[in-house]
Amino acid sequence: MINKMTTMEQQKDDKPDLTIDFITSSAIGRINFRFLLIYIPIFWLGGLTVMIYAVAFIPKLEYWIAALLYLPASIFFMICLFIIGCVFFSKLILILINLIHKPKEGIFKAEKGAKEFEFWQIRIQLKKISIWLLNNCPLPWMDVLAFRWFGVKVDFSSHMIDAWVDTEFINFGRKVMVGQGAVVMSSMILGKYLIIKRVYLDDYTVVGGQTSVSPGTIIGQDTVLGALSTTTFNQVLEQSWIYFGFPAKKLKVNKYAEVKPGAIKRIDVDNAIAYDVEFDINIDDDKRKLINNNNKEEEGEK
Amino acid sequence: MSVPCSLRVGPFTSNLLLKKRYIAIYIAIIWLSFIPVLTEFWFYWQLLWNNTNALHFYLFLPLFGFLAYVSLVFSGLFVAKVFLIVINVIHPPKEGIFERTHSDKDYRYWNIRLIVKKYPVWIAHKFPFPFLDNICFKVFGVKTKISNSLFEGWVDTEFIEFGKNIIVGQASIIQSSVVIGNLLIVKKVKIKDNVKIGAHSIVMPGTFIGENCILAAHSLTTVDQRLEKNWIYVGIPAEKYKLNEFNKDGLEELIELNIDVDGIREKYEQLYDRGERTHVGYLQRKKEKEEKIEQEKQRWQKIPT
């Protein structure tokens, strides 16, 4: 890791080193049986929407051939209805909870009695049931619909079903891709503290597979964050660069952002012209003189 | 939010001794676990369909479905535990390093134990209720509290001790057994109170993590590593990074002071100058969207001459 020596030196001065240059997780802090009070009503009410459909339509099918033909479509429809019902009722309960306590950004205590922490857990758990159901269905547009419904600014052009994405305090641009197994978190538990900060993913950004994006990161337009890399707290990734590493650093300019797919170079094979290309040779500066001298001598001979 | 398909890491210590005859164990466990659920449904049907109005039957069916799933998990657990007790009486589980051959008795029984445990743990993890997972781990001999959140990661089901207030991050793996070359290593993992394990990190068998430790994301511990208490560990393999000062009270303001807010704000303003969008009408929003789509078309279809 970078800055390791500097941090060790700082600790000698008896000042606590509180910079956040590493990531932990945004999994829920404590699991409680009290969450069942939220789960059971959502499950029941979501199931009742399916039951209304079943009561209304299934007894009317008297011919069994028609019923058999209709069955797969109706099962698919019932699954969709169940998910939409779950999302709808969880949204209703979410509105009630947000009326009691409004979600805020900032640094809070992550202990048993702390108000902000408890409400954060309830919010996460509430959304979990419907998002879990959606992630286990092959319906990516429903996933985006649920995210929009829960108050995340997302367009239908962006895609994040294959990743873990927190459902609050995230702004998506257009055509954002979040890779497989990536973790985009807007909240993080650090020892005794809970940190919540908004994450911005601007237009055309690509987040690679298995990366973790920490709260407060801002990813500019056309940037690519490579696979297996992490961003630190409050990091700003500039426009049209490729970032990679642990923590993420600038790798090179994202030229794929400027030159779009129409610009693949085409070469006429029949009338091909050979170009001389000068390469930089990867040698120490002392030895480079030798090479140049040799070349000059050869030129001189000619 | 929830764990998607690509994050749901399978068992790293996969049983490599898959024989056809083990299907018999699976079939027995699944069959026996479904019997109580079906009897439950029969009673429910008798009670509400025949005796009262059919509407009541439909009204309570979703609630019954939920109860049926939970009872399926519990019955599967019960049957698997009975199987496990019988297997452990024949050959008690041991720690140590074993040879990975069919003739080695420890290796064979390790495989059978994993096969028996797999069904209930799988079925508990296929439901968005984290308690079911924790109950499964507890029954199979992992020392945990119910309040620990182990749902997001993947945790081995034997030779693990957890303390209080532990968080296991998304897609992280805690394993007490690993296959290296021709050897199987089984060693106890001990994780003390208030330990936070980050996302995508892996804890190998035999590690001891002290109190108030933080293992950051994307880090890996080696076999038999000891992490001292009150430290933050980062890297592959995990090394001491700095003292964990985040465990003291009343540091909220100090942490906020440490963030260079003005610098971040400047950087942010260089990237974005639009700021928070004020409320606009539907028609204007539609117009903006169409303009943006046209811009995109021009970007993507431009062919350089």
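Values in this document were obtained by computation on a predicted structure and should not be read as measured data.

About the cut-offs
- Residues numbered from 1 in each chain as written.
- Chains lettered and ligands numbered in written order.
- Predicted model: local features only at pLDDT ≥ 70, side-chain atom pairs only at ≥ 80, totals over all residues.
- Helix = DSSP H or I, 4+ residues; strand = E, 2+ residues; numbered from the N terminus.
- Buried ≥ 20, exposed ≤ 12 C-beta atoms within 10 Å, placed from the backbone.
- Contact = placed C-beta atoms within 7 Å.
- Domains from an automatic or database assignment.
- Nonpolar A, V, L, I, M, F, W, Y, C, P; charged D, E, K, R; others polar.
- Pairing = 2+ DSSP bridges.
- Expected span 1.5 Å × (residues − 1).
- Bend = angle between axes of the 7 residues up to and from the residue.
- Axes fitted to C-alpha atoms, helices over the stretch in contact; angles between N-to-C directions.
- Left-handed = near helix turned anticlockwise from the far one by under 90°.
- pLDDT = per-residue confidence, 0-100.
- Core = buried A, V, L, I, M, F, W, Y, C linked by C-beta atoms within 7 Å.
- Parallel < 35°, antiparallel > 145°, perpendicular 65-115°, else oblique.

1. Things to note about the overall build of chain A
Part 1 of the reasoning: Regarding its fold elements, chain A presents 7 helices and 15 strands.
Part 2 of the reasoning: The burial tally for chain A puts 38% of its 302 residues in the buried class.
Part 3 of the reasoning: Across chain A, contacts joining residues at least 24 apart in sequence account for 45% of those joining residues at least 6 apart.

2. Details of the overall build of chain B
Part 1 of the reasoning: In terms of regular secondary structure, chain B is built from 8 helices and 15 strands.
Part 2 of the reasoning: Taking all 305 residues of chain B together, 34% fall into the buried category.
Part 3 of the reasoning: Of all intrachain contacts in chain B linking residues separated by at least 6 positions in sequence, the fraction that spans at least 24 positions is 44%.

3. Description of the domain arrangement of chain B
Part 1 of the reasoning: Along its sequence, chain B is carved into domain 1 (20–247) and domain 2 (252–299).
Part 2 of the reasoning: Relative to domain 2 of chain B, the C-alpha centre of domain 1 of chain B lies at a distance of 43 Å.

4. Re the interface of chain A and chain B
Part 1 of the reasoning: With 65 residues of chain A at the interface, the matching set in chain B holds 62 residues.
Part 2 of the reasoning: Elements that contribute at least two residues to the side of chain A that touches chain B include exactly helix 1 (4–11), helix 2 (36–57), helix 4 (115–135), strand 2 (164–165) and strand 6 (187–190) of chain A.
Part 3 of the reasoning: Looking at the side of chain A that touches chain B, the element that brings in the most residues is helix 2 of chain A, giving 9 residues.
Part 4 of the reasoning: For the side of chain A that touches chain B, the residue count by class is 34 nonpolar, 20 polar and 11 charged.

5. Notes on the sheet that holds strand 2 of chain A
All names here are of chain A.
Part 1 of the reasoning: Pairing is parallel across the open sheet formed by 3 strands, whose spatial order is 2-5-10. At either margin of the open sheet sits one strand with a lone partner, and together these are strand 2 and strand 10 (212–213).
Part 2 of the reasoning: Note: strand 5 (residues 183–184) against strand 10, 2 bridges, orientation parallel. Across the sheet, Val184 pairs through a bridge with Val213, a residue of strand 10.

6. Overview of helix 4 of chain A
Structural remark: α-helix, 3.6 residues per turn; residues separated by three or four positions point the same way.
Residues and elements named next belong to chain A.
Part 1 of the reasoning: The end-to-end C-alpha distance of helix 4, which contains 21 residues, comes to 30 Å, matching closely the 30 Å that a straight helix rising 1.5 Å per residue would cover.
Part 2 of the reasoning: Most pronounced at Lys128, the bend in helix 4 amounts to some 35 degrees.
Part 3 of the reasoning: Of all the 21 residues making up helix 4, 16 are buried; the element is thus mostly covered by neighbouring parts of the structure.

7. Concerning the packing of helix 1 (residues 23–50) of chain B against helix 3 (residues 61–90) of chain B
Residue and element names in this part refer to chain B.
Part 1 of the reasoning: Axis separation between helix 1 and helix 3 bottoms out at 9 Å; the angle between their running directions is 145 degrees. For the pair helix 1 and helix 3, the sense of crossing is right-handed. Only Phe64, Ala68, Ser71, Leu72, Ser75, Gly76, Val79, Ala80 and Phe83 of helix 3 make contact with helix 1, whose side of the interface consists of Ile25, Ile29, Leu32, Ser33, Pro36, Val37, Glu40, Phe41 and Tyr44.
Part 2 of the reasoning: Partitioning the contact of helix 1 with helix 3 into residue classes produces 13 nonpolar, 4 polar and 1 charged.

8. Examining the environment of Phe82 of chain A
Residue and element names in this part refer to chain A.
Part 1 of the reasoning: If you trace the backbone, Phe82 turns up in helix 3 (residues 64–100).
Part 2 of the reasoning: Judged by C-beta crowding, with 21 C-beta atoms within 10 Å, Phe82 ranks as buried.
Part 3 of the reasoning: Along the sequence, Phe82 and Val50 sit 32 residues apart, while their C-alpha atoms lie 5.9 Å from each other.
Part 4 of the reasoning: Contact partners of Phe82, with chain neighbours within four places excluded, come to Gly46, Gly47, Thr49 and Val50.

9. Here we look at the confidence of the model for chain A
Low pLDDT means the predicted coordinates in that region are not meant to be read closely.
Part 1 of the reasoning: Averaged over every residue, the pLDDT of chain A is 81; the share at 70 or more is 78%.
Part 2 of the reasoning: The low-confidence segment residues 260–264 of chain A, where pLDDT is below 50, has 9 contacts with residues more than four positions distant or belonging to other chains.

10. Things to note about the pairing of strand 15 (residues 239–243) of chain B
A regular strand places its side chains so that they alternate between the two faces of the sheet.
Residues and elements named next belong to chain B.
Part 1 of the reasoning: Both strand 14 (residues 231–234) and strand 15 contribute to a ladder of 4 bridges, which runs antiparallel. Paired with Trp231 across the bridge in strand 15 is Leu243.
Part 2 of the reasoning: Linkage of strand 14 to strand 15, two consecutive antiparallel strands, is achieved through a turn of 4 residues, within which Gly235 is found at a positive phi near 115 degrees.

11. Remarks on the nonpolar core
Part 1 of the reasoning: Within the largest apolar cluster, 129 residues are counted, with the highest numbers of intra-cluster contacts made by Val184, Tyr193 and Leu194 of chain A together with Ala216 and Tyr233 of chain B.
Part 2 of the reasoning: Ranked by residues supplied to this core, first place goes to helix 4 of chain A with 9 residues.
Part 3 of the reasoning: Leave out the neighbours within four places in its chain, and Tyr193 of chain A touches Ile107, Phe108, Lys109 and Ala110 of chain A together with Phe246, Glu252 and Ile255 of chain B.

12. Observations concerning helix 5 (residues 130–139) of chain B
Part 1 of the reasoning: Within helix 5 of chain B, burial applies to Pro130, Leu132, Asp133, Asn134, Cys136 and Phe137 of chain B.
Part 2 of the reasoning: In the stretch just after helix 5 of chain B, Gly141 of chain B is the one whose phi turns positive, near 105 degrees.

13. Notes on the sheet that holds strand 1 (residues 106–109) of chain A
Residues and elements named next belong to chain A.
Part 1 of the reasoning: The strand order across the open sheet built from 3 strands is 1-7-6, with neighbouring strands paired in antiparallel fashion. Of all the strands in the sheet, just strand 1 and strand 6 have a single pairing partner and so form its edges. Looking at each pair of strands side by side, their axes are set apart by 20 degrees on average, direction ignored.

14. Details of unusual backbone geometry
Residues other than glycine predominantly adopt negative phi, and peptide bonds predominantly adopt the trans conformation.
Part 1 of the reasoning: Between Phe246 of chain A and Pro247 of chain A the backbone carries a cis peptide bond, its omega angle lying at 5 degrees.
Part 2 of the reasoning: Between Ile236 of chain B and Pro237 of chain B the backbone carries a cis peptide bond, its omega angle lying at -5 degrees.
Part 3 of the reasoning: Turning to its location among the elements, Pro237 of chain B is positioned in the loop between strand 14 and strand 15.
Part 4 of the reasoning: The phi dihedral of Tyr204 of chain A falls on the positive side, at around 60 degrees, and the residue is not glycine.
Part 5 of the reasoning: Secondary-structure assignment places Tyr204 of chain A in the loop between strand 8 (199–201) and strand 9 (206–207).
Part 6 of the reasoning: In this structure, His200 of chain B is a non-glycine residue whose phi angle is positive, near 65 degrees.
Part 7 of the reasoning: Structurally, the position occupied by His200 of chain B is in the loop between strand 9 (196–197) and strand 10 (202–203).
Part 8 of the reasoning: Note on His200 of chain B: 27 C-beta atoms within 10 Å, which makes it buried.

15. Some thoughts on the pairing of strand 14 (residues 241–245) of chain A
Residues and elements named next belong to chain A.
Part 1 of the reasoning: Pairing between strand 12 (residues 224–225) and strand 14: 2 bridges, direction parallel. Residue pairing in the sheet places Leu225 in a bridge with Tyr243 of strand 14.
Part 2 of the reasoning: Note that strand 14 and strand 15 (residues 248–253) share 5 bridges and pair antiparallel. What sits directly across from Tyr243, in strand 15, is Lys250.

16. Concerning the environment of Lys127 of chain A
Part 1 of the reasoning: Considering the arrangement of structural elements, one finds Lys127 of chain A in helix 4.
Part 2 of the reasoning: Judged by C-beta crowding, with 24 C-beta atoms within 10 Å, Lys127 of chain A ranks as buried.

17. Focus: the packing of helix 2 of chain A against helix 4 of chain A
All names here are of chain A.
Part 1 of the reasoning: Relative to each other, helix 2 and helix 4 sit at 30 degrees, their axes nearing to 10 Å. One finds that helix 2 runs roughly parallel with respect to helix 4. Crossing of helix 2 against helix 4: the hand is right-handed. The segment helix 2 lies against helix 4, with Ile38, Tyr39 and Ile42 engaging Ile122, Gln125, Leu126 and Ile129.
Part 2 of the reasoning: For the contact of helix 2 with helix 4, the residue count by class is 6 nonpolar, 1 polar and no charged.

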